[in-house]
Each structure stands twice: as structure tokens, then as C-alpha cells.
Amino acid sequence: MKGNIGNMMKQAQMLQANMQRAQAEIANLQVIGEAGGGMAKVTMTGKHQVLRVALDASLISADDKEMLEDLIAAAVNDAVQKVERTSQEKMSSLMGGMNLPPGFKMPF
């Protein structure tokens, strides 16, 4: 009995260390969200901080301000989805065979 508890504690500590390492990797992650066939690009960190917005020169000379705003919003949303997907994949691989309920969010 005592050996089982000690084993479980070791596993929990290893899982916690792996989660902290994965969280650090996700925080340092950079993704590029795109819209308009790559005409608008947003670089975002794993913490959802926008680092850079890059616009194709042809967009800047256009008079269609609303289209430009829509492309930037779409690129930001694409980057957010990439961060979420990458975070989910990293945590899923970390958790191995643990069956967590759908929608369960890790504490980060």
C-alpha cells in the first residue's frame, strides 16, 4: 500500500514537472495567423500576445479600410486558433492515456 502511494506521488511530481515544461514551451511558442491568402499576417505568442502585423503593400494603397480591418481581425483569429490547437496537442501528448472530460482546461 505504501509503495503504491509513493509511486503515485512520484508520477504526480513527474507530471507536474512535465506540465511546467510544456507551459514554458507554449509561452515561448510563436505562430503566424494569415488571412486573404497571406496578404495579412499576424505573429502571436503562446500567451496570445500579438508581436507583429504584416500587410501586403497592395493592401496599404487600397482605399478599402473596412476590408483591411477584416483581414487583420481574421489573421488574429487564425493565430489564436493555432495557439489553442498547438497547446491542446502538447497537453494531450503530455497527458498520455489520461481520459480527461471534454472541455477540461489545464490550469494555465
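Thresholds applied
Residues numbered from 1 in each chain as written. Predicted model: local features only at pLDDT ≥ 70, side-chain atom pairs only at ≥ 80, totals over all residues. Heavy atoms only, no water. Helix = DSSP H or I, 4+ residues; strand = E, 2+ residues; numbered from the N terminus. Buried < 20%, exposed > 50% of the residue type's maximum accessible area, 1.4 Å probe, protein only. Contact = heavy atoms within 4.5 Å. Patch = residues over 30% accessible without salt bridge, like charges linked within 9 Å, V, L, I, M, F, W, Y side chains within 5 Å. Areas by Shrake-Rupley, 256 points an atom, 1.4 Å probe, with all protein chains shown as cover. Salt bridge = Lys/Arg side-chain N within 4 Å of Asp/Glu carboxyl O. Lys, Arg positive; Asp, Glu negative; His and termini not counted. Charge placed at Lys NZ, Arg CZ, Asp CG, Glu CD. Pairing = 2+ DSSP bridges. Axes fitted to C-alpha atoms, helices over the stretch in contact; angles between N-to-C directions.

> Would you explain the overall build of the chain in this entry?
Within the chain, the regular secondary structure consists of three helices and three strands. Along the chain direction, N to C, the helices and strands of the chain fall in the order α-β-β-β-α-α. Burial status across the chain gives 22% buried among its 108 residues. Within the chain, residue pairs in contact and separated by at least 24 positions form 50% of the contacts whose partners lie at least 6 positions apart.

> So what exactly am I meant to see when it comes to unusual backbone geometry here?
A negative phi holds for most residues other than glycine; trans holds for most peptide bonds. Here histidine 48, not a glycine, exhibits a phi torsion of approximately 65 degrees, which is positive. Within the fold, histidine 48 resides in the loop between β2 (40-45) and β3 (50-55). Relative accessible area serves as the criterion here: at 35%, histidine 48 is assigned to the partly exposed category.

> Looking at this structure, I do not really get a negative patch on the surface. What am I missing?
Together, Asp63, Asp64, Glu66 and Asp70 give the surface a local cluster of negative charge. Positionally, aspartate 64 belongs in the loop between α2 (57-60) and α3 (65-95). What makes aspartate 64 partly exposed here is its relative accessible area of 40%.

> Please clarify how the sheet that holds β3 should be interpreted in this entry.
The strands that make up a sheet pair up through hydrogen bonds in the backbone, lying either parallel or antiparallel. Overall, antiparallel pairing links the three strands, which are arranged β1-β2-β3 in an open sheet. Where the open sheet ends on each side, the last strands, each with one partner, are β1 (30-35) and β3. Strand-to-strand twist across the sheet, computed as the mean angle between neighbouring axes with direction ignored, equals 15 degrees. Note: β1 against β2, six bridges, orientation antiparallel.

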